[in-house]
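Residue-level structural notes
As a plain string of letters, each chain reads:
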Amino acid sequence: MAMAAVALFTMPFVILLVLVRTSSSHLTGLDEGVALSLHAHALENPGYTAFLRVATEVFGPWTWRVLVVLTAVWLWYRGAPRLAVWAVATITFGGLLNLAVKGIVDRARPDLPNPVAWAPGASFPSGHAMGAALGACILVLILLPLLRSTASRIVLWVVAASVTMFVAYSRVALGVHWTSDVIAGVALGVAFVVGAAAGFETWRRGEGRRPAEPHMEGVEPEAFRGGRSG
């Protein structure tokens, strides 16, 4: 199931990567059409645009990094050092992967008339979108054991997905990324966390612990059931 999930989220990233590298006219037309439409809306609604500029940075990559590191410190204090290391390693190497792909692809950001925002560096994949996907998924997979009902766990996933989608939308609406950039960023981020969670589950089973379903129980269910789990 983990391999299937990784493949499911990696596939759209790979497809978009190929289309970007081959300068597909279909993808370019779609990206430009969406960018121009959202840019026109941004110019017509300066208050909403100002809100997006603030919100996109509030939920930017550094916010997620800080949240994950603080959560890792808490986990270490609770006696779950391996889970803490997993969280920090996952968001760190995920961020490095984003930088590596950006450097290889080196795609230019949108160049729109009367820009409402600016961002440095290459465009593909979106660092904000990938950072949100990484951070939100990591935090959910850590916190799931604290929730007792299936409904509350589903709500947590919905909230995480909504925040991630909002961040992705904000980057396109502000004209600093193409639609394909943010889709690729989210897909790659989720795929990376799924792979990291599968690796952690392999370690758990190697330690003789019962099999778990990380997407519903978290990556280390026993971390919040008393005693030291590390």
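A brief look at the structure comes next. (Residues numbered from 1 in each chain as written. Predicted model: local features only at pLDDT ≥ 70, side-chain atom pairs only at ≥ 80, totals over all residues. Heavy atoms only, no water.)

**Notes on the overall build of the protein**
Along the backbone of the protein there are nine helices and zero strands. Order of helices (α) and strands (β) in the protein, N terminus to C terminus: α-α-α-α-α-α-α-α-α. Across the 230 residues of the protein, 47% fall into the buried class. Restricting the contact set of the protein to residue pairs at least 6 apart, pairs at least 24 apart contribute 74%. Carbon together with sulfur atoms contributes 71% to the accessible area of the protein, which is approximately 11,300 Å² in total. Positive and negative side-chain charges in the protein, numbering 17 and 13 respectively, have mean positions lying 10 Å apart. (Helix = DSSP H or I, 4+ residues; strand = E, 2+ residues; numbered from the N terminus. Buried < 20%, exposed > 50% of the residue type's maximum accessible area, 1.4 Å probe, protein only. Contact = heavy atoms within 4.5 Å. Areas by Shrake-Rupley, 256 points an atom, 1.4 Å probe, with all protein chains shown as cover. Lys, Arg positive; Asp, Glu negative; His and termini not counted. Charge placed at Lys NZ, Arg CZ, Asp CG, Glu CD.)

**Looking at a nonpolar patch on the surface**
Taken together, the side chains of Tyr48, Phe51 and Tyr169 present a nonpolar region at the surface, about 270 Å² in accessible area. As for its placement among the helices and strands, tyrosine 48 is situated in helix H3 (residues 46-58). Residue class for tyrosine 48 comes out partly exposed when judged on its relative accessible area of 30%. (Patch = residues over 30% accessible without salt bridge, like charges linked within 9 Å, V, L, I, M, F, W, Y side chains within 5 Å. Salt bridge = Lys/Arg side-chain N within 4 Å of Asp/Glu carboxyl O.)

**Some points on the environment of glycine 95**
Structurally, glycine 95 can be placed in helix H5 (residues 81-105). Separated by 30 residues in the primary sequence, glycine 95 and arginine 65 have C-alpha atoms spaced 9.3 Å apart.

**Notes on the packing of helix H7 (residues 150-173) against helix H8 (residues 179-206)**
The relative placement of two packed helices comes down to the angle between their axes together with the axis-to-axis distance. Viewed as axis vectors pointing N to C, H7 and H8 meet at an angle of 155°, and their least axial separation amounts to 9 Å. With respect to their mutual orientation, H7 and H8 come out roughly antiparallel. Note that H7 runs across H8; the crossing there is right-handed. Taking contact as the criterion, the partners of Thr164, Met165, Ala168, Arg171 and Val172 in H7 are, on H8, Thr179, Val182 and Val186. The residue inventory of the contact of H7 with H8, partitioned by class, reads five nonpolar, two polar and one charged. (Axes fitted to C-alpha atoms, helices over the stretch in contact; angles between N-to-C directions. Parallel < 35°, antiparallel > 145°, perpendicular 65-115°, else oblique. Left-handed = near helix turned anticlockwise from the far one by under 90°. Nonpolar A, V, L, I, M, F, W, Y, C, P; charged D, E, K, R; others polar.)

**Re the side chain of threonine 49**
Structurally, threonine 49 can be placed in helix H3. Among the polar contacts listed, one links the side chain of threonine 49 to the backbone oxygen of asparagine 45, at a separation of 3.0 Å. Here threonine 49 is in contact with Ala42, Val116 and Leu174, once residues within four sequence places are set aside. (Polar contact = N/O pair within 3.5 Å; in protein donor to acceptor, adjacent residues only side chain to side chain.)

The values reported here are purely geometric and, on their own, carry no functional implication.
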